[in-house]
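Structural characterization, general
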Amino acid sequence: MNRRRARIQRHTKETRIAVSLDLDGRGRATVRTGIPFFDHMLTLFAKHATMDLTLRCRGDLPVDAHHTVEDCGIALGQAFREALGDKKGLRRYGAGFDPRNPFTGEAYLPMDECLARCVVDFGGRSYLVWRGLADHAYRRLTRRERIQDDSTAFRFGLAREFFQGFVNEARCNLHLELLYGDEPHHIVEALFKAFARATDAACQRDPRIAGQLPSTKGKL
């Protein structure tokens, strides 16, 4: 089968981004955004989604991290849409778990005290559901927290901007939910890993519908 790959160049006055994506890769990643914690999140996403990703971004970080994070989500979403092509034979949904079928994916992801859930549908409709994180999104940080580590500074509202940018361009439904959790690093990492596992499942080819669209509408 043809490998599903995409290359995206996205340049604005705020960011310059280059993305190379191989949906049928082996989990290899080279990521440079200028935000080490964000690099870590995208690297583990590629690893657990079993996709190859190269992403480089030069953003206006002296202003803040918002433009870099959001625009990387936009560029990655564009790469997914291009790599998925006509979506014939695509499983489309990433949700649920059946131990008899390793390709249905795990929508639930534990990370120490945290549990996150992700469900995705590459059905051509853009919608983000973001649940269980309202109390964390823009909370006021103490001075100690601001200097603690990069994951604390990488507030949850910023993570949401990445996923919203991805959803808008990949044209997918993405439901992310924190069922419970406390530590900022663990929460964000659980969300990205759950996103990876659900995305891996949804992007698999289903041999039973080879050459067919996974839709009764005849178009995605």
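In the block above lies the structure referred to throughout.
Predicted, not measured: the structure shown is a model, and the values here were computed from it.

With that settled, the discussion passes to the sheet that holds strand S2 (residues 15-22). The pairing of strands in a sheet comes from backbone hydrogen bonds and takes either a parallel or an antiparallel form. The four strands lie next to each other as S1-S2-S4-S3, forming an open sheet whose pairing is mixed. Strands with a single pairing partner mark the edges of an open sheet, and in this sheet they are strand S1 (5-11) and strand S3 (29-32). Strand-to-strand twist in this sheet, taken as the mean axis angle between neighbours without regard to direction, amounts to 5°.

Inside soluble globular proteins, nonpolar side chains tend to come together where they are buried. By size, the foremost hydrophobic cluster in this structure holds 62 residues, and its most contacted members are Phe-80, Phe-122 and Leu-174. Ranked by residues supplied to this core, first place goes to helix H6 (residues 184-202) with 10 residues.

Moving on, we come to the packing of helix H5 (residues 156-170) against H6. Two elements in contact, H5 and H6, have axes whose closest approach is 11 Å; the angle formed by their N-to-C orientations is 15°. Accordingly, the angle class assigned to the pair H5 and H6 is roughly parallel. Helix-helix and strand crossings are classified by hand; for H5 and H6 the assignment is right-handed. Every residue of H6 that contacts H5 at Phe-156, Phe-162, Phe-163 and Phe-166 is listed here: Pro-184, Ile-187, Val-188, Leu-191, Phe-192 and Phe-195. Of the residues assigned to the contact of H5 with H6, the class counts are 10 nonpolar, no polar and no charged.

Enumeration over the complete set of coordinates arrives at 11 aromatic pairs. Considering the side-chain rings of Phe-45 and Phe-195, the 5.0 Å spacing of their centres and the 20° angle between planes classify their relative orientation as stacked. Of this pair, Phe-45 sits in helix H1 (residues 36-49) while Phe-195 is found in helix H6, placing the two residues 150 residues apart along the sequence. Pairing Phe-162 with Phe-163 gives two aromatic rings, centres 5.1 Å apart and planes at 75°, and the pair type is edge-to-face. Overall, the relative accessible area of 0% leaves Phe-163 in the buried class. Here the aromatic residues Phe-38, Phe-45, Phe-80, Phe-122, Trp-130, Phe-162, Phe-163, Phe-166, Phe-192 and Phe-195 are joined through ring pairs into a cluster of three or more.

Bringing a nonpolar patch on the surface into the picture now. Nonpolar side chains collect at one region of the surface, where Tyr-108, Leu-179 and Tyr-180 lie side by side and expose about 310 Å² of accessible area between them. With respect to the element layout, Leu-179 can be found in strand S9 (residues 173-180).

Bringing H6 into the picture now. Taking 1.5 Å per residue, 19 residues should reach 27 Å; H6 reaches 27 Å between its end C-alpha atoms and fits that length. For H6, the buried fraction is high: 17 of the 19 residues fall into the buried class. Measuring from the backbone nitrogen of His-185 back to the side-chain oxygen at the start of H6 gives 2.8 Å, which picks out Glu-183 as the cap.

Here we take up the side chain of Glu-189. Within the secondary structure, Glu-189 is located in helix H6. Judged by its relative accessible area of 7%, Glu-189 falls in the buried class. Looking at Glu-189, its side chain comes within polar contact range of the side chain of Lys-193, at 2.9 Å. Aside from chain neighbours lying at most four places away, what touches Glu-189 is His-40, Met-41, Leu-44 and Met-111.

Another point: the environment of Leu-44. Looking at the element boundaries, Leu-44 is found in helix H1. Judged by relative accessible area, Leu-44 falls into the buried class, the value being 7%. Distance from Leu-44 to Ala-196, taken between C-alpha atoms, is 8.2 Å for residues 152 residues apart in sequence. With residues up to four places along the chain from it excluded, the contact list for Leu-44 reads Glu-189, Phe-192 and Lys-193.

On to the pairing of S9, then. Where strand S7 (residues 114-121) lies against S9, seven bridges are found, and the strand directions are antiparallel. Bridge assignment links Leu-115 to a residue of S9, and that residue is Tyr-180. Bridge count between strand S8 (residues 127-131) and S9: five bridges; the pairing is parallel. The partner of Leu-128 across the bridge, within S9, is Leu-174.

Rules used in this analysis
Residues numbered from 1 in each chain as written. Predicted model: local features only at pLDDT ≥ 70, side-chain atom pairs only at ≥ 80, totals over all residues. Heavy atoms only, no water. Pairing = 2+ DSSP bridges. Helix = DSSP H or I, 4+ residues; strand = E, 2+ residues; numbered from the N terminus. Axes fitted to C-alpha atoms, helices over the stretch in contact; angles between N-to-C directions. Core = buried A, V, L, I, M, F, W, Y, C linked by side-chain atoms within 4.5 Å. Buried < 20%, exposed > 50% of the residue type's maximum accessible area, 1.4 Å probe, protein only. Parallel < 35°, antiparallel > 145°, perpendicular 65-115°, else oblique. Left-handed = near helix turned anticlockwise from the far one by under 90°. Contact = heavy atoms within 4.5 Å. Nonpolar A, V, L, I, M, F, W, Y, C, P; charged D, E, K, R; others polar. Phe/Tyr/Trp six-rings, centres within 6.5 Å; stacked < 30°, edge-to-face > 60°. Patch = residues over 30% accessible without salt bridge, like charges linked within 9 Å, V, L, I, M, F, W, Y side chains within 5 Å. Areas by Shrake-Rupley, 256 points an atom, 1.4 Å probe, with all protein chains shown as cover. Salt bridge = Lys/Arg side-chain N within 4 Å of Asp/Glu carboxyl O. Expected span 1.5 Å × (residues − 1). Polar contact = N/O pair within 3.5 Å; in protein donor to acceptor, adjacent residues only side chain to side chain.

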